[in-house]
Structure formats: C-alpha cells, structure tokens
Amino acid sequence: MVRRNLVVAAMLSATLMATIDASIVNVALPTLARDLDASASDTVWVTTAFLLAAACCIPATAALGDRVGRRRLFLVGLPVFAVASIACAAAPTLGLLVAARVVQGIGSSLILAVPIPTYRHVFPPERLGSALGLNAMTVALGTSAGPTLGGLLLSVAPWPWLFLVNVPIAAVSFVLGLRHLPRVPARPGRFDASGSVLIAAAISCFLLGIRGVGATSTLPLSVALLVLTVVLIGFFVRHEARSANPVIPLGLFTRPFSLAVLTAACSFFGQGTAFVALPFLFQESFGDSALRSALLFTPWPLVIVVVAPLSGRAADRVSPRLLALIGLVVLAGGLLSLALLPDGASTVDILVRTGVCGLGFAVFQSPNNRDMMAAAPLRLAGSAAGVLNLNRTVSQSTGSGAVGVLFVIAGVATGSAAAHTHAVSLVLTVGAVVTAVGAVLAAVRLRGV
C-alpha cells in the first residue's frame with residue numbers, strides 16, 4: 001500500500017507539472033511581449049510551441065513505452081523536462097524561449113505516456129476506476145490552474161520563475177519513480193518509426209496550417225499545409241493497417257470511443273481558446289495586474305477540484321454520457337457569457353462566469369474519460385491513453401493557434417484596448433460554438449443514434 005501511494009505521488013506530481021506548463025505561461029504573454037520586444041500574436045508561440053511539440057511526440061512516446069518500458073520512459077522524460085525548463089528561464093529572446101518550449105513539450109510527452117498504463121499494474125481491477133478518475137482530475141486541474149498559478153508567481157517573482165519552479169518538482173518525482181516505479185517487461189516487437197514520423201508530420205502540418213490561415217501573406221502556405229495534412233493522414237492510415245505493431249491501432253476507433261474523443265476535443269478547444277485569450281482581455285483591456293488577472297481565473301480550477309471527484313463518483317450511478325452532455329452545455333454557456341462580458345464588469349461578475357466554465361468542464365471531464373477508456377479493449381489500454389493525451393494536446397494547440405488567427409482577423413495589431421476586447425470576444429464566441437458542437441455529439445452518443 002505504501003509503495004502504491006508513492007507511485008501515485010510520483011505519477012500525479014509529474015502529471016500536474018506537465019499539464020500546468022501547457023498554460024502557466026499564458027498569463028505572462030503580455031509581459032513577455034513587452035520584455036522580449038515581441039508582438040502579442042508572436043508570443044502565442046510560447047504556448048503553441050509547447051503544445052505542438054507534445055502533440056507530435058505523444059503517439060511515438062505511447063508506442064515507445066511498450067517497447068522500452070514505461071519506467072525508463074519516465075526516468076528520461078523528467079530530466080529532459082527539467083533541463084528544458086531551465087533553458088526557458090534563461091532564454092534572452094523569444095526565439096530561444098520558443099525553442100526551449102519545444103524541448104519541454106517533448107519531455108511532457110514522455111512523462112504523460114506513463115501514468116495510465118502504470119496504474120493498471122499497481123491497482124487491482126476493482127480500484128482502477130478510482131485511479132483513472134484521480135488522474136483525470138489531476139489533468140483537468142493542471143490544464144486549468146496554470147493561469148492562476150502563473151499570475152501568483154508573477155506577483156512575487158519575474159517570469160523566469162514560471163519555469164524554474166518545475167525543477168524541484170521534477171527532482172522529487174524522479175527520485176520517487178527511480179525507487180518505486182514497477183519494472184514491467186517491455187512488449188516484444190519493433191517500434192513503428194515510420195508510423196510515428198507520419199503522424200507527427202501530419203499533426204505539425206495541421207497545427208501550423210491552422211495558425212497561418214488568418215493572414216493573407218501566409219494563406220497559400222497554410223492551405224498547402226492543410227492539404228498535406230490530409231495526404232499524410234491517408235498514408236498513415238494505410239501504413240497502420242499493414243503494421244504489425246501500429247503506433248495507433250485502428251481497431252480502437254469504435255463508434256463509442258470515437259464519439260468520446262470528439263466531444264473531449266471540443267471541450268479542450270474551448271478551454272484552450274479561453275486560457276490564451278482572457279489574459280489579454282484582463283491586462284490589456286481592463287488594465288489589471290498579472291495577480292488580479294490570475295485571481296479572476298481562480299474559480300475555474302477551484303470548482304474543478306471540488307466537483308470533478310463528485311462527478312467521477314456520480315458516473316458510477318448515473319449515465320456518464322448524460323453527465324458529459326450536461327457538462328458541455330454548461331461549459332458552452334460559460335464561454336458565451338465571458339464573450340458577452342460588458343465593459344466595466346465587476347470582479348464578482350467575472351468570477352461567476354469563470355466559475356460556470358469550471359463547473360461545466362469538471363462535470364464533463366471525468367465521466368467522459370471513464371467512458372472513453374471503457375470503450376477501449378483491455379489490451380489496447382496504453383494506446384487508448386495515448387489517444388486521450390494526444391486528443392487533449394492537439395485540441396489545446398488548435399485552440400491556442402486559433403487565437404493567433406482570430407487576433408489578426410480582429411486587428412489586434414492596432415494595439416487599442418477596444419481591439420483587444422473585440423478580439424477576445426470573437427475568440428470566446430468561437431470557443432463556445434465549438435463546445436456546443438461537442439454537446440450535440442454528446443447528445444448523439446447519449447441517444448445511441
């Protein structure tokens with residue numbers, strides 16, 4: 001029991017660290033734009049680069065864990081993440097910061113490939129659901145608590161500490177993993193390097209193509225990248241169908257599993273747009289400090305901490321698909337309410353609206369993850385976990401990339417507060433619409449149509 005708890009401590013602390021870093025820097029984007037003499041749309045790359053690198057590597061790391069062992073993957077990923085964090089803190093230019101964030105994203109993908117398959121080896125079947133629920137809550141908290149923690153750190157320290165804080169956490173997780181992580185034998189078979197390269201290329205082409213759609217100068221290249229994405233996915237599917245050890249087994253994508261993946265993608269897209277865009281609204285339009293901006297985010301993760309465990313337990317008694325539908329409807333409504341935030345809105349008004357978003361996300365996430373994993377065969381649990389992580393990262397990357405596009409469309413380059421307000425409203429409206437599409441898919445899944 002003690003060893004199991006220490007394994008869980010190592011997994012959860014590393015998971016929380018890796019997921020928080022996807023958004024902890026968002027609240028500092030206006031500060032980075034000033035300190036590094038960069039435009040608002042360019043600083044979005046600090047977020048996008050991390051998510052892009054993680055997304056490209058997740059399929060490969062999930063498959064690689066089966067071939068070399070999850071323990072080894074974990075003990076390599078943590079040092080990579082820690083060293084990259086130090087490089088981020090020391091970066092003197094935006095270009096070097098973005099490069100370090102790419103390496104950090106790779107480290108994140110190595111770390112996140114480990115927890116869910118590891119839980120299957122340290123928990124008995126009757127307690128596996130609780131472990132997966134705890135992991136889902138940690139991921140949800142990590143992806144939503146970043147802006148709050150980032151603002152709190154910025155209120156007492158300069159922005160490099162947003163990255164340096166990772167080093168002691170990574171060190172503790174490494175020691176715990178080194179001493180207590182089980183040595184599970186690797187599965188025989190060759191690593192599918194060709195499939196890993198194809199899916200990584202497809203993901204990168206898609207996300208880079210999406211980011212450049214909004215600018216006339218980059219539109220032809222973006223269209224070419226999106227067309228290339230379709231071609232690469234075609235090659236990837238054909239390759240995987242023939243592979244003895246596929247990176248992503250195509251047999252995973254039954255109708256229930258696919259619908260769960262799509263609804264989750266919509267929720268993470270909506271959250272991703274909000275977490276990148278709202279700091280610009282709070283700091284550039286409302287003139288708030290980084291600390292107050294962070295406090296305005298607080299209800300989102302706070303509600304998740306309280307509600308997500310309750311939602312996970314409720315999914316054992318009530319249809320998880322019904323809970324997922326309710327959560328998405330609430331999340332879409334919360335995002336729309338933020339898009340319609342009036343000028344001079346009170347602090348209480350903003351806190352209520354962000355709290356509604358957190359409530360919707362918390363009600364949705366744990367039941368949907370439970371339903372997704374239940375739809376996957378036991379032998380493909382590791383691959384299903386990889387798809388879950390990939391889906392989250394790609395969706396967040398798409399959301400953050402969409403922010404840059406919409407900022408250009410809305411004319412943020414003018415630098416006026418009115419332009420920032422209009423741009424953020426547009427971004428949040430798009431996020432609400434995409435989340436509402438997810439609610440429609442959840443309704444289809446609930447009806448079994």
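Look a little higher up for the structure.
Each chain has its residues counted from 1, following the order in which its sequence is written. Whole-chain, interface and lining totals are the exception, using all residues; otherwise, since this is a predicted model, local features are given only for residues with pLDDT of at least 70 and side-chain atom pairs are given and counted only at 80 or more. The basis for every side-chain value is the complete set of heavy atoms in the structure, and neither hydrogens nor water enter the calculation.

**A closer look at unusual backbone geometry**
- Phi is positive for Asp-37, which is not a glycine, with a value near 55°.
- Assessed through its relative accessible area of 73%, Asp-37 is described here as exposed. To sort residues, take the accessible area from a 1.4 Å probe on protein chains only and compare it with the maximum for the residue type: under 20% means buried, over 50% means exposed, and anything in between is partly exposed.

**A look at the packing of aromatic side chains**
- Ring pairs are drawn from Phe, Tyr and Trp, using the six-membered ring of Trp, whenever the two centres fall within 6.5 Å, and their geometry is named by plane angle: stacked under 30 degrees, edge-to-face over 60, tilted for the rest. Counted according to the given criterion, the structure contains 3 aromatic pairs.
- With 6.3 Å between their ring centres and 85° between their planes, Trp-159 and Phe-163 make a pair best called edge-to-face.
- Residue class for Trp-159 comes out buried when judged on its relative accessible area of 9%.
- On the basis of relative accessible area, Phe-163 is assigned to the buried category, the value being 0%.

**Quick look at the nonpolar core**
- Membership of the largest hydrophobic core comes to 60 residues, with the highest contact counts inside it found for Leu-97, Leu-278 and Trp-300.
- By definition, any uninterrupted DSSP run of H or I lasting at least four residues is a helix, any uninterrupted run of E lasting at least two residues is a strand, and each is numbered from the N terminus. Here this core gets 9 residues from one element, more than from any other, and that element is helix 12 (residues 255-285).
- Contacts are assigned to residue pairs that have any heavy atoms within 4.5 Å of one another. Excluding residues within four positions of it along the chain, Leu-97 makes contact with Leu-32, Leu-36, Val-46, Cys-88, Ala-91, Trp-159 and Phe-163.
- Counting 35 residues, the second-largest nonpolar core is a separate cluster that includes Ala-63, Met-373, Leu-388 and Ala-439. In this description, a nonpolar core means a group of buried Ala, Val, Leu, Ile, Met, Phe, Trp, Tyr and Cys residues linked to one another through side-chain atoms lying within 4.5 Å.

**Thoughts on the layout of surface pockets**
- Quantified by volume, the largest pocket comes out at close to 700 Å³.
- Cavities and pockets are found on a 1 Å grid laid over the protein atoms alone: a cavity is a set of points where a 1.4 Å probe fits but cannot escape, a pocket is an open set with protein on both sides within 12 Å along at least five of seven lines, and a lining residue has an atom within 4 Å of such a point. Looking at the largest pocket, it is lined by 23 residues, and the ones nearest its centre are Ile-233, Val-261, Leu-390, Asn-391 and Val-394.
- Contributions of two or more residues to the lining of the largest pocket are made by helix 10 (193-211), helix 11 (219-242), helix 12 and helix 17 (381-410).
- The leading source of residues in the lining of the largest pocket is helix 17, at 6 residues.
- Just so you know the grouping, Ala, Val, Leu, Ile, Met, Phe, Trp, Tyr, Cys and Pro go in nonpolar, Asp, Glu, Lys and Arg go in charged, and all remaining residues, Gly too, go in polar. When the residues that make up the lining of the largest pocket are grouped by side-chain class, the tally is 18 nonpolar, 5 polar and no charged. Grid points are joined across faces, edges and corners, and a volume is the space filled by probe spheres set on the points.

**Description of the packing of helix 3 (residues 40-68) against helix 10**
- Following both chains from N to C, one finds helix 3 and helix 10 inclined at 160°, their axes separated by 8 Å at the closest point. Between helix 3 and helix 10, the interaxial angle falls into the category roughly antiparallel. Every pair of crossing elements has a handedness; the one defined by helix 3 and helix 10 is right-handed. Within the contact between the two elements, helix 3 uses Ser-41, Asp-42, Val-44, Trp-45, Leu-52, Ala-55, Cys-56, Pro-59 and Ala-60 and helix 10 uses Ser-196, Ile-199, Ala-200, Ile-203, Ser-204, Leu-207, Leu-208 and Arg-211. What counts as an axis is a line fitted to C-alpha atoms, over the stretch in contact for a helix, and the angles between N-to-C directions run from 0 to 180 degrees. For classification purposes, angles smaller than 35 degrees are called roughly parallel, those larger than 145 roughly antiparallel, those between 65 and 115 roughly perpendicular, and all remaining angles oblique. Here a crossing is taken to be left-handed if its near helix is turned anticlockwise relative to the far helix by less than a right angle, and right-handed if that turn runs clockwise.

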